[in-house]
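The lines below spell out each chain.
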Amino acid sequence: MRTLIAGNWKMNGGRAILAELDRIAAAAAAAPAVDVAIAPPFTLLAEAAARAGGVVIGGQDCHSAPKGAHTGCISAGMLVEMGARFVICGHSERRAEFGESDALVRSKAHAALGAGLTAIVCIGEDEAERDEGRALMVVAAELEGSVPPNANAANLVISYEPAWAIGTGRTPTLAEIGEMHLIIRAKLLQLIGEEGARVRILYGGSVNGTNIAAILTCPEVNGALIGGASLTADQFLPIVQAAANVSQ
Ligand code: PGA
């Protein structure tokens, strides 16, 4: 499985941030062993896709319907038309801020796959669930509820992102990450059969150029989803480089 290093710019960046993408694209071309992806804000998608080179560009969210009276929303097909090749579904900020349920995340991912996109489906416990010893159960249930029926190894990526580790500078221990990823792998095999063995499982939450190499040594960690540290080439490229070194 090829390692995937994906950046999520969230609601950050005007057009000036595309200069960072230019630098990321140039450096990614020199690290061909790793897949590099960026999800810019929707407003930058078309231009980002046009100048991304080998960097795969994707959306941060989509609607579950192909079209209709949904003011302010964007369909998976619209993302495709802008040059997106993947979409993040069910990021914890969408789940927390907009009340997205597993069922809604699954329907969005289903629409994304139907439009030809890869869905990066995010799952992860919050701090109380971790403290109460329920993290493994919660994440397994989220996975089961969020993976669409038409998923396979080519169109699905899972990202395990404990909400308490996002943007906080805190991460689970390597043992905790490995334990969770093993559970996710086992559950994927149950849900989609043999295809589940080849679905990439990312870790996300306070990943940086210093901790990525160790995180990638955890069992069943096939890459990372990065927020804050993906906003500048200076912070993102050391992550890509470390991943390339590990993959060699
Ligand atoms: P972070 O965000 O890297 O800023 O912690 C991760 C994410 O939300 O995917």
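See the structure above.
Because the structure is predicted, anything quoted here is derived from the model rather than measured.

Helix length check: helix α5 (residues 102–114), at 13 residues, gives a terminal C-alpha distance of 18 Å against a target of 18 Å (1.5 Å per residue), a fit within 8%. Along α5, the residues that are buried comprise V105, K108, A109, A111, A112 and L113. Contact partners of the buried residues in α5: α3 (76–81), β4 (86–89), α4 (92–98), β5 (118–123) and α7 (135–146). Looking one or two residues beyond α5, the residue adopting positive phi is G116, at roughly 95°.

Quick look at the site of the ligand now. Around the ligand, the surrounding shell consists of K10, H91, E161, A165, I166, G167, G205, S206, L225, I226, G227 and G228. H91 has a polar side-chain atom sitting 2.6 Å from an oxygen atom of the ligand. Coverage of the ligand by the protein amounts to 95% of the 280 Å² it exposes when considered alone.

What follows covers the pairing of strand β7 (residues 200–204). Each regular strand carries side chains that alternate between the two faces of the sheet. The element β7 is extensively covered by neighbouring structure, given that five of its five residues are classed as buried. Where burial is concerned, the two faces of β7 agree: the one with R200, L202 and G204 and the one with I201 and Y203 are both buried. Here strand β6 (residues 156–160) runs beside β7; their pairing, made up of four bridges, is parallel. Residue V157 lies in a different strand from β7, and its bridge partner there is R200. Handedness of the β-α-β unit built from β6, helix α8 (residues 174–192) and β7 comes out right-handed. Two elements, β7 and strand β8 (residues 223–226), share two bridges in a ladder whose sense is parallel. Counted as the bridge partner of Y203 is A224 from β8.

A few words on the packing of aromatic side chains. Counting across every chain of the model gives one aromatic pair. Residue placement shows R94 over the ring face of F98; its charged tip is 4.1 Å from the ring centre.

The next thing to look at is the packing of helix α1 (residues 18–28) against helix α10 (residues 233–247). Here α1 crosses α10 at 20°, and the two axes come no closer than 10 Å. When the axes of α1 and α10 are compared, the pair comes out roughly parallel. Relative to α10, α1 is oriented so that their crossing is right-handed. Across the interface between the two elements, E20, R23, I24 and A27 of α1 pack against A233, D234, F236 and L237 of α10. Looking at side-chain class alone, the contact of α1 with α10 contains five nonpolar, no polar and three charged residues.

Here the focus is the sheet that holds strand β3 (residues 56–59). Strand order in the closed barrel made by the eight strands is β1-β2-β3-β4-β5-β6-β7-β8, with parallel pairing throughout. When the angles between neighbouring strand axes are averaged without regard to direction, this sheet yields 25°. Judged from the four bridges that link them, strand β1 (residues 3–8) and β8 form a sheet pairing that is parallel. Residue pairing in the sheet places A6 in a bridge with L225 of β8. Sheet strands touched by α5: β4 and β5. Its angle to β5, the strand with the most contacts, is close to 165°.

About the cut-offs
Position numbers for residues count from 1 along each chain, tracking the sequence in the order it is written. Residue-level local features of this predicted model are given only where pLDDT is at least 70; pairs of side-chain atoms are given and counted only at 80 or more, and the full residue set underlies all totals for whole chains, interfaces and linings. Hydrogens and waters are ignored; side-chain quantities use all the structure's heavy atoms. For the purposes of this entry, the term helix denotes a DSSP run of H or I that reaches at least four residues, the term strand denotes a run of E that reaches at least two, and both are numbered from the N terminus. Here, expected helix span is obtained from the residue count minus one, scaled by 1.5 Å. Under the scheme applied here, a residue whose accessible area is under 20% of the maximum for its type counts as buried, over 50% as exposed, and between as partly exposed, the area being computed with a 1.4 Å probe on protein chains only. In what follows, a contact means two residues having at least one pair of non-hydrogen atoms within 4.5 Å. Nearness is defined per residue: one heavy atom within 4 Å of the molecule or strand is enough. Whenever two N or O atoms come within 3.5 Å, that pair is a polar contact, provided that in protein one can donate a hydrogen and the other can accept it, and provided that, for residues adjacent in sequence, both atoms are side-chain atoms. Areas reported as accessible are Shrake-Rupley estimates using a 1.4 Å probe. Residue values count occlusion only from the protein chains shown. DSSP calls a pair of strands paired once it identifies at least 2 bridges connecting them. A clockwise path from the first strand over the helix to the second, with the strands pointing away from the viewer, defines a right-handed crossover. For Phe, Tyr and Trp, rings pair up if their centres lie within 6.5 Å, where Trp contributes its six-membered ring, and each pair is then called stacked (planes under 30 degrees apart), edge-to-face (over 60) or tilted (otherwise). Whether a charge sits over a ring depends on NZ of Lys or CZ of Arg being within 6 Å of the ring centre and within 35 degrees of the ring normal. In this description, a line fitted to the C-alpha atoms serves as the axis of each element, helices being fitted only across the stretch in contact, and the angle between N-to-C directions of two axes falls anywhere from 0 to 180 degrees. Geometric relationships in this document are graded by angle, where less than 35 degrees denotes roughly parallel, more than 145 denotes roughly antiparallel, 65 to 115 denotes roughly perpendicular, and other angles denote oblique. In a left-handed crossing the near helix is turned counterclockwise from the far helix by less than a right angle, and in a right-handed crossing that turn is clockwise. Residue classes follow a fixed rule: Ala, Val, Leu, Ile, Met, Phe, Trp, Tyr, Cys and Pro count as nonpolar, while Asp, Glu, Lys and Arg count as charged, and any other residue, Gly among them, counts as polar.

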